[in-house]
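The lines below spell out each chain.
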Amino acid sequence: MAVEVKIPTILRTYTGGEKTVTGNGGTLGQVIDDLESRHAGLKDRLVEADGLRRFVNVYINDEDVRFSGGLDATVSDNDVVVVLPAVAGGSR
């Protein structure tokens with residue numbers, strides 16, 4: 001399954017500056033593994049031992065994967081995966 005993966009600015013050093021890359025796999029985890037094979041270091045920024053890193057949000061077609069299976073979330077041809085780093089802060 002080929003999916004479009006949108007990469008945030010902070011992680012584009014791993015994709016040669018590309019904002020959108022193509023990944024293959026039937027699950028989010030497989031797509032991330034596929035991306036890692038061509039964009040070394042990206043997986044370490046997205047995944048830790050027990051799943052997605054706490055401060056990384058991933059959406060498949062605008063749905064948060066934390067509520068649809070995490071790394072086991074199913075992806076289909078032409079899905080759009082969006083990676084967003086969590087932003088913290090506020091006023092005092």
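Residues numbered from 1 in each chain as written. Predicted model: local features only at pLDDT ≥ 70, side-chain atom pairs only at ≥ 80, totals over all residues. Heavy atoms only, no water.

*Asks:* Explain the sheet that holds strand 7 (residues 80-85) here, please?
*Replies:* In a beta sheet, neighbouring strands pair by backbone hydrogen bonds and run either parallel or antiparallel. Strand order in this open sheet of five strands is 2-1-7-5-6, and the pairing throughout is mixed. The open sheet has two free edges, formed respectively by strand 2 (20-24) and strand 6 (63-64), since each of these has just one partner strand. As defined by bridge partners, strand 5 (residues 56-60) adjoins strand 7 across five bridges and the pair is classed as antiparallel. If you follow Asn57 over to strand 7, its bridge partner there is Leu84. Running at roughly 115 degrees to strand 2, helix 1 (residues 28-38) makes contact with strand 1 (2-6), strand 2, strand 5 and strand 7 of the sheet. (Pairing = 2+ DSSP bridges. Helix = DSSP H or I, 4+ residues; strand = E, 2+ residues; numbered from the N terminus. Contact = heavy atoms within 4.5 Å. Axes fitted to C-alpha atoms, helices over the stretch in contact; angles between N-to-C directions.)

*Asks:* Is there a simple way to explain the nonpolar core in this structure?
*Replies:* Grouped burial of nonpolar side chains is what soluble globular proteins tend to show. Counting 21 residues, the largest nonpolar core has Val5, Leu46, Val58 and Val81 as the members making the most contacts within it. Counting residues per element, this core draws most heavily on helix 1, which supplies four residues. Once residues lying within four places of it in the same chain are set aside, the contact partners of Val58 are Leu28, Leu52, Glu63, Asp64, Val65, Val81, Val82 and Val83. (Core = buried A, V, L, I, M, F, W, Y, C linked by side-chain atoms within 4.5 Å. Buried < 20%, exposed > 50% of the residue type's maximum accessible area, 1.4 Å probe, protein only.)

*Asks:* Explain the pairing of strand 1 here, please?
*Replies:* Side-chain positions along a regular strand alternate between the two faces of the sheet. Side chains of strand 1 alternate between two faces, with Val3 and Val5 buried and Ala2, Glu4 and Lys6 left unburied. Across three bridges, strand 1 lies against strand 7 in parallel orientation. Looking at strand 7, one finds that Glu4 is bridged to Val80.

*Asks:* Please explain unusual backbone geometry as it appears in this structure.
*Replies:* The phi torsion of most residues other than glycine is negative, and most of the peptide bonds are trans. Even without being glycine, Asn61 reaches a positive phi, approximately 50 degrees. Despite not being glycine, Asp62 shows a phi value in the positive range, around 70 degrees. You can see Asp62 is positioned in the loop between strand 5 and strand 6.

*Asks:* For this particular structure, what's the right way to read the pattern of salt bridges?
*Replies:* As a working rule, side chains carrying opposite charge can pair if their charged atoms are close by. Going through the model one piece at a time under the given rule, you end up with four salt bridges. One salt bridge connects Glu4 with Lys6, and the closest N-O pair in it is separated by 3.6 Å. Assessed through its relative accessible area of 37%, Lys6 is described here as partly exposed. (Salt bridge = Lys/Arg side-chain N within 4 Å of Asp/Glu carboxyl O.)

Shape descriptors only; they carry no functional weight alone.
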